[in-house]
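Here's the letter readout for the chains.
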Amino acid sequence: MAKAAAKTAATASPSAERRPALAGRTVSATGVKVEVLPPALRISLRAPEASVAALSKALGVTLPKQPKTSASKAGRTALWLGPDEWLVIDEAGKDPLANCAKVSALHSSVGISHRNIAISVTGPAAEAAINSGCPQDLSLEAFPVGAASRTILGKAEIVLLRTADEAFRVECWRSFSDYVFTFLSEGARDAAG
Amino acid sequence: MSGALRIPGAGRLSQAKTARFSFDGQSYAGIEGDTLASALLANGVHLVGRSFKYHRPRGILSAGAEEPNALVQIVRDDARKTPNVRATVQELYDGLAANSQNRWPSLSFDVGAVNDLASPLFSAGFYYKTFMWPKAAWKSLYEPKIREAAGLGVSPDRPDPDHYSSRYAHCDVLVLGGGAAGIAAALAAAETGVRVILADEQAEFGGSLRFESGAKIDGKDGFAWAQAAIARLGAMDNVRVLPRTTAFGYYAQNFVGLVERVSDHLKAPGHDLPRERLWQVRAKRVVLASGAIERHMVFANNDRPGVMLAAAARTFLNHYGVAVGKNVGIYTANDSAYGAAIDLKKAGVNVAAIVDLRDNPTGPVIDEARALGIEINSGRAVIRAGGKLRVSSMTVQPKNGGGERTIPVDAILMSAGWTPSVHLFSQSRGKVAFNDETKRFVPGTYAQDCVSVGACNGTDGLAATVDEAYAAGARAAKDAGAKAAKGVKPKVDASESWSRGMLGAAPGAGPDTTVKAFVDFQNDVTAKDIRQAVHEGMRSIEHVKRFTTNGMATDQGKTSNMHGLAIAAETLGKPIPEVGLTTFRAPYTPVTFGAIVSHARGPLFDPTRRTAIHPWAEAQGAVFEDVGQWKRAWYFPQAGEDMHAAVDRECVGVRNQAGLFDASTLGKIEVVGPDAAKFMELLYTNPWEKLEPGRCRYGIMLREDGFIYDDGVVGRLAPDRFHVTTTTGGAPRVMNHMEDYLQTEFPHLNVWLTSITEQWAVIAVQGPKSRDIIAPLVEGIDMSDEALPHMSVREGKICGVPTRLFRMSFTGERGFEVNVPADYGQAVWEVLWAEGQKHGATAYGTEAMHVLRAEKGYIIVGQDTDGTVTPNDAGLDWAVGKKKADFVGIRGMARPDLVAKGRKQLVGLKTKDPKVVLEEGAQIVEDPKQAIPMKMIGHVTSSYWSQNCGRSIALALVAGGRDRMGDTLYVPMPDGVIEVEVAGMVFFDETGGRLNG
Amino acid sequence: MLLIRCPYCEEERPELEFRNAGEAHVARSANMVGESDDDFEKFFFIRSNPKGIIYERWRHMHGCARFFNAVRDTVTDKFVMTYRAGEPKPSKLPKNSNEGLAK
Ligand SMILES: [Zn+2]
């Protein structure tokens, strides 16, 4: 489509403003803080076993093969979501979509940077706050640091990643973010009590 | 002073902490730590309610959750009036206000008590027999009147201002019940380091140690030992101790529901505290330590206020420091009531006599009672209680008949024995077994990974209980993966004796028809009712239960089930196990709707999904409609406009100039992989292999049965990449449908699906000026008709951000759908809007969108189709690839019924009077003069006023519709028959020239 | 709420994450067009609905998103075992249905 570009009289208009959902929202309760994280670059990556090595190399992070795990390197995290599915999140401003575009091995890479919103839940009561609506066992034994899983929070689907003993990253779809944030806020209020 | 019957030095409450409260408007003083029941009793108040059916005066029977009588209304404010609160569970706080229920005009003079005099009319099955006819009167007359008279409290008429929370929790060992058994089990498990949750329904742990003065463990008084143990457990990181928490339901795979009453006992609960917290616990092992419940004696007038369970009286004395009377009588069939007599006597209360149904009871407690100078009448029965609003006497007779003797008393403390609480075990689908020797049902066959210990397991004696529980706790921990335990088993130094007792009706329970010897207090079921049920032919206990309502009140027969069963068995002349025990069901005690609903109210009732452009529409004053979970802008009224006027203006504006529409909610799926086209061929009726990259096609998806499932425009971005759109409501199920086939039927295809619904905000720009609006803002895309014809797609930039720009139309006008990454949606919309203003563009909502598409005869799946419409029925045969070897629905479509003549087909309808707008869903007939029920040949699926056409328009499914073009049909409505003419589906711009206009 | 072992996630997960997807081992013909009316009826409409052991499909909808197969006892509501989509119907079931639940 580069050819078509040449034909148009490109008027160099300034870029439209980016308005992330829930930007800046934060709720603090005793022992737990819920805050919306800044935008990140994301892809949904699908690939058969045979392509994993090439994709790992291109992405600079080894795609995990174990269920409920993730791998992280230089601001980029790959979360195992299914046997041929990873969520790759880049917080360092480098688009993983571009990395994958260079890989000829069989795969599907779809940009979803704007589809998801990330919310961090931190503090000693973070686990309890999330368990207000998430039915998984979130103890460190069952859900250690680095554990990642698609799951449920109340009536919404989320992706949960444990980033530290007392810190989680909750990802959800944009239009569910208000619900998820409100739910986590209520959970935080209760976990504090 | 906190009540005249408070005994100085008795009990465990601190006299210094006075709490004022009111009951039926009268003010009283209690002590912090009291329950409402103990505080009332301290003030000499026994009469607390009227019974359900006969309106008999009722007092406090128990000191716990099994209470059937003392149900009161707690009033915090106008919105917080909780009915049916058990006074024995409600903790006192300063300022508590309670009212009695089920009485009018007052508790001591109740007009409804005439039911008591008329009671021969109200025998078992009375409601079933009397109010059966006429049927309609049940709803309009009988039920409301009966309910009003029975009146189990008053519901608040305002929304509940409290909030409720919920928590999922996981543990290795869940211990239910915090008496000696539960604590011992929890200690054993906790000492291994595994995760333990210990819950008890009381505010303080200890169970029967609350009243057993003779228990000593590890050198301490039993209750003190329990508190020390709980303090130890509470300090352990691996233990969660939950007081005031009732396990109400035991579900599959050790999933147990608990309700924690967080703030009902507080004077002024903070806003941050929930009223209740629902715990949904998944445990590897469960230890049931739910104890046993004391049974009452069944004799005439055993419901008079002042007649209560012996252990309850002992609890009120030993824990709350309250004497339940000044001159008490004891009526028992086992040892445990002797403890009450002894403790009360020692506290200075006169014990008039012990009446023991047993012939010659022996043992240490009997000796001790005798040594204290208490009169013991063995082999005798209390055949009736005297008094009305308060018991005044007990009449004693040898149990095989003989002379009566009436002894004045102000309280009768009774004990027929103890019933193991097998409710949770039974809920876990375990099967109980009847122990013929001890006459009780105990856990038999287990269905889940749980174990019962102590009294609920039929284990008698504190030492045996602690042994059993400690071993079970350790074993449960081990089974859950624990290593070796390092704790020390508690040592029982002294304990009390619990011997067996009796089941069923005592000699004072009839059989004459006038005696009211209650089995079930809450539902007013007497021994006579149970016998009558058997005489009237009920054989199974399940039938007896339903006929008499025994055990069917909110207390679920905790005190009454075994008596009812024994009386039925005796009347039937069968052993108890042959008559059977009714099944226990959740909840163990009533659970508030608040706890069940928990967070799911208000904004958290259901997710409300909003698009990126929503704030703009809101600021413009858009009216929104719900489409699934989405809020969509319905129409944009300007000053003075109603919906009709706004929609007319929007529709005309789009066709004359241009319109902007937020289409972000459309489902979007990116289909990627070398086999993408092959997959599309299989999932859609259309051919895809030859669709050029950069072009679009309207696709139809069927289910295997051949009916239309979804539709949408699909753009091919690259040979191996499709951008598929779905209906808004269909997005999740279409994705599931596609994944299902991909994963399970066509797993050999190298293709993947990703939902991109929320990645892209979509702005539809439609109308003759649409290109003029968009073109100046686009970079990298040739907007000419030659380069970007109708039904094509390009990637480039708009307003400096990436776009997938579709040239497509759902209005019949030249149109575009601008996809931009969602966070840019609103800003791009605003730029397009500003540009649009130069060309007279309007914003339009979903209503105008519906009208515009109907003018063009474009269908909406789910409105013009209903799951029984084939592509042919909908006039969409052109979209079915005729040369395709396979696609989902290809075979279903060929079923005989689906190719038969006379099927309902989608057609247009024009009313003869152009101003009449048909009702969607209205039925269509050929002959309006035929008799009712008429033969209906179809129905209206879409109907609107079309300002652009200057008339009403409609789509309809009509049998053989396409063969009826020009025919007149009829739509009978309540206020007359509407004449319609069958027409084609396109009402506007039939040649389609405006797509390039 | 049941616990269901997902054969892809290799652990038991709460039922809320799953969705039932009907009877398993109902094969779609490779030659759909050639199916007789009777065969199509059997394929599309007829299900075994047994009292006892049922072979059914589930999807770990809000987990790994995979469809898989399960053997469940419709009387006790207990899962006997689960296995991956495409794997054949197990010829032998674990003796005690509880065994399927443990690890
Ligand atoms: Zn899974």
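Just so you know, these numbers come straight off a predicted model, no measurement behind them. (Residues numbered from 1 in each chain as written. Chains lettered and ligands numbered in written order. Predicted model: local features only at pLDDT ≥ 70, side-chain atom pairs only at ≥ 80, totals over all residues. Heavy atoms only, no water.)

A. Representation of the interface of chain B and chain A within the structure. Counting residues at the interface gives 56 residues for chain B, matched by 53 residues for chain A. Across the chain B to chain A interface the summed buried area is about 4800 Å²; carbon plus sulfur atoms make up 53%. Along the contact surface separating chain B from chain A lie seven salt bridges. We note a salt bridge from E830(B) to R19(A), for which the minimum N-O separation is 2.7 Å. On inspection of chain B and its partner chain A, the count reaches 27 residue pairs in polar contact (both at pLDDT 80 or more). Looking at the side of chain B that touches chain A, the elements with two or more residues in it are β8 (165-176), β35 (667-672), β39 (752-755), β42 (792-798) and α22 (825-837) of chain B. For the side of chain B that touches chain A, the per-class residue count stands at 24 nonpolar, 15 polar and 17 charged. (Contact = heavy atoms within 4.5 Å. Buried area = accessible area lost by both parts, 1.4 Å probe. Salt bridge = Lys/Arg side-chain N within 4 Å of Asp/Glu carboxyl O. Polar contact = N/O pair within 3.5 Å; in protein donor to acceptor, adjacent residues only side chain to side chain. Helix = DSSP H or I, 4+ residues; strand = E, 2+ residues; numbered from the N terminus. Nonpolar A, V, L, I, M, F, W, Y, C, P; charged D, E, K, R; others polar.)

B. Summary view of the confidence of the model for chain B. For chain B, per-residue confidence averages 94 on the pLDDT scale, and 96% of positions sit at 70 or higher. Reported for the predicted complex are a pTM of 0.94 and an ipTM of 0.95. (pLDDT = per-residue confidence, 0-100.)

C. Fine view of the packing of helix α12 (residues 527-535) of chain B against helix α13 (residues 541-548) of chain B. Residue and element names in this part refer to chain B. Running from amino to carboxyl end, α12 crosses α13 at an angle of 120 degrees, the nearest separation of the two axes being 9 Å. The angle between the axes of α12 and α13 places the two elements in the oblique class. Crossing hand, α12 versus α13: right-handed. Contacts between α12 and α13 pair D529, I530, A533 and V534 from the former with V544, F547 and T548 from the latter. (Axes fitted to C-alpha atoms, helices over the stretch in contact; angles between N-to-C directions. Parallel < 35°, antiparallel > 145°, perpendicular 65-115°, else oblique. Left-handed = near helix turned anticlockwise from the far one by under 90°.)

D. Looking closely at the side chain of R28(C). You can see R28(C) is positioned in the loop between β3 (19-23) and α1 (37-44). R28(C) gets classed as buried once you look at its relative accessible area, which sits at 10%. A polar contact of 2.9 Å, which involves the side chain of R28(C), links it to the side chain of D886(B). Sequence-distant contacts of R28(C), defined by excluding residues within four places in its chain, comprise E704(B), Y741(B), E745(B), F746(B), D886(B), F887(B), V888(B) and F43(C). (Buried < 20%, exposed > 50% of the residue type's maximum accessible area, 1.4 Å probe, protein only.)

E. Quick look at the state of the cysteines. For the coordinates displayed, the defined rule picks out zero disulfides over all chains. Sulfur of C172(A): no disulfide; nearest cysteine sulfur belongs to C134(A) and is 13 Å away. (Disulfide = S-S within 2.5 Å.)

F. The sheet that holds strand β2 (residues 26-31) of chain B, seen in detail. Residues and elements named next belong to chain B. Pairing is mixed in the open sheet, where five strands are placed in the order β2-β1-β7-β5-β6. Two strands lie at the open edges of the sheet, namely β2 and β6 (80-86), each paired on one side alone. The average angle at which neighbouring strand axes cross in this sheet is 30 degrees, direction not considered. The sheet contact formed by strand β5 (residues 71-77) and strand β7 (residues 96-100) spans three bridges and is antiparallel. Following the sheet pairing, V72 is matched in β7 by S100. (Pairing = 2+ DSSP bridges.)

G. Molecular detail of the environment of I708(B). Structurally, I708(B) can be placed in strand β37 (residues 708-718). Remark: the alpha-carbon pair of I708(B) and T870(B), spanning 162 residues in sequence, is separated by 5.6 Å.

H. A look at the nonpolar core. Within the largest apolar cluster, 84 residues are counted, with the highest numbers of intra-cluster contacts made by L36(B), M297(B), F316(B), Y331(B), M394(B) and L413(B). Residue contributions to this core reach at least three from each of two domains, namely domain 1 (1-154) and domain 3 (297-415) of chain B. Leaving out residues up to four positions away in the same chain, L413(B) has contacts with M308(B), A310(B), A313(B), V324(B), V328(B), G329(B), I330(B), Y331(B), A340(B) and L344(B). With 45 residues, the next largest nonpolar core counts A663(B), C696(B), L876(B) and M32(C) among its residues. (Core = buried A, V, L, I, M, F, W, Y, C linked by side-chain atoms within 4.5 Å. Domains from an automatic or database assignment.)

I. Expanded view of helix α19 (residues 676-683) of chain B. Residue and element names in this part refer to chain B. With respect to burial, α19 is a largely interior element, seven of its eight residues being buried. Along α19, the residues that are buried comprise A676, A677, F679, M680, E681, L682 and L683. Each element contacted by the buried residues of α19 is listed here: β35, β36 (696-702), β37, β38 (721-726), α20 (731-745) and β39.

J. Local environment of the interface of chain A and chain C. Each partner contributes residues to the interface: chain A has 16 residues there, and chain C has 15 residues. Buried surface at the junction of chain A and chain C, both sides included, amounts to about 1100 Å², of which 53% is carbon and sulfur. Counting every contact that joins chain A to chain C gives two salt bridges. When the shortest N-O distance is used, the salt bridge between E11(C) and K68(A) registers 3.1 Å. At the level of secondary structure, the elements contributing two or more residues to the side of chain A that touches chain C comprise β5 (76-82) and β9 (148-153) of chain A. If one sorts the elements of the side of chain A that touches chain C by residue count, β9(A) sits on top with four residues. In terms of residue class, the side of chain A that touches chain C is made up of six nonpolar, four polar and six charged.

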